[in-house]
Protein chains: 2
Amino acid sequence: MAAAESSYKDKKVITIGIVRELTGLSERQIRYYEERKLIFPDRTPGGSRKYSFSDIELLMEIANKIEDGVQTYEIRQEMIREKRAMDKKTHHKMIQGQLNAQFGIQKR
Amino acid sequence: MAAAESSYKDKKVITIGIVRELTGLSERQIRYYEERKLIFPDRTPGGSRKYSFSDIELLMEIANKIEDGVQTYEIRQEMIREKRAMDKKTHHKMIQGQLNAQFGIQKR
DNA sequence: CGTGTAAGGAATTCTGACACG
DNA sequence: CGTGTAAGGAATTCTGACACG
């Protein structure tokens, strides 16, 4: 029972130049969204940023919202809210899993 | 009806340094396997190599065979044979698809 | 606030070659 | 044959700052 599935989608292996190509954003923009805590790349030992495909998708969503006039701060609040909802769901599933493990199938 | 599905797995977006980390191979080895036509990375406009997750898996298979004493030339022959088998299967499916499109479900 | 840019430096990658075997 | 390495150069990335607004 591991912690997180490590699929291709979430492996941080893409450098910023490729992200620029894939998203059409400038490196300045990409780094700025990190500064505003919207995105969290890993780093190589040398300090170069590494992104995942998920990060790229997220960046494009962010870019869309910015175009719509949403500020980075608001986007961040949204993301925090979404994360909380997710955690709640995950917690619920986990509790269900524990009950299940102890008492067997309880549903129905 | 497009030509090839472009999933994350086959997108060539990973630079050689990351590939080195992920495979444990040296850059020398990775480049050499390309020289021997076992692997075909894309290039950035500047000339840097870009690999996919599939490439990484392939590299690890290659490394295993090399360790077992298989020569690059033999590995290449194997790969060509496998590709031919694949193409044959794909061709068969395509023909079936065309028949299907013209005459409807023919099986059974 | 979000983004462009010039600046200087450091990390990354490239190729061709010599070496060993 | 497969791989290590030193060499020199070019492409890539990094940070902090100034600018505009």
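Our subject is the structure listed above.
Remember, it's a predicted structure, so these values are computed and weren't measured experimentally.

Criteria and thresholds
Residues numbered from 1 in each chain as written. Chains lettered and ligands numbered in written order. Predicted model: local features only at pLDDT ≥ 70, side-chain atom pairs only at ≥ 80, totals over all residues. Heavy atoms only, no water. Near = heavy atom within 4 Å. Polar contact = N/O pair within 3.5 Å; in protein donor to acceptor, adjacent residues only side chain to side chain. Helix = DSSP H or I, 4+ residues; strand = E, 2+ residues; numbered from the N terminus. Contact = heavy atoms within 4.5 Å. Buried area = accessible area lost by both parts, 1.4 Å probe. Salt bridge = Lys/Arg side-chain N within 4 Å of Asp/Glu carboxyl O.

1. What to know about the protein's contact with DNA strand C
Here comes step 1: In the vicinity of DNA strand C, 21 residues are found, and the nearest of them are Ser26, Tyr32, Tyr33 and Thr72 of chain A together with Arg49 of chain B.
Here comes step 2: At the protein interface, 71% of the atoms of DNA strand C within 4 Å belong to sugar or phosphate.
Here comes step 3: Tyr32 of chain A is positioned with one of its side-chain polar atoms (N or O) 2.8 Å from a phosphate oxygen of DNA strand C.
Here comes step 4: Within the contact set of DNA strand C, a phosphate oxygen lies 2.3 Å away from a side-chain nitrogen or oxygen of Arg49 of chain B.
Here comes step 5: Only α2 (27–35) of chain A together with α1 (16–23) and α2 (27–35) of chain B provide two or more residues apiece to the surface near DNA strand C.
Here comes step 6: The element best represented in the surface near DNA strand C is α2 of chain A, accounting for four residues.

2. Regarding the interface of chain B and chain A
Much of the literature gives interface size as the accessible area that the parts lose upon coming together.
Here comes step 1: Contacts between chain B and chain A engage 14 residues on the former and 14 residues on the latter.
Here comes step 2: For the chain B and chain A pair, buried surface summed over both sides reaches about 1,300 Å², with 70% attributable to carbon and sulfur atoms.
Here comes step 3: Interface area lost by chain B to chain A is led by Tyr8, Val13 and Phe53 of chain B, which between them contribute 49%.
Here comes step 4: Residues Lys50 of chain B and Glu21 of chain A are paired through a salt bridge, measuring 3.8 Å at the closest nitrogen-oxygen approach.
Here comes step 5: For the pair chain B and chain A, the number of links is two residue pairs in polar contact (both at pLDDT 80 or more).
Here comes step 6: Of all the elements in the fold, those that place two or more residues in the side of chain B that touches chain A are α1 and α3 (53–67) of chain B.

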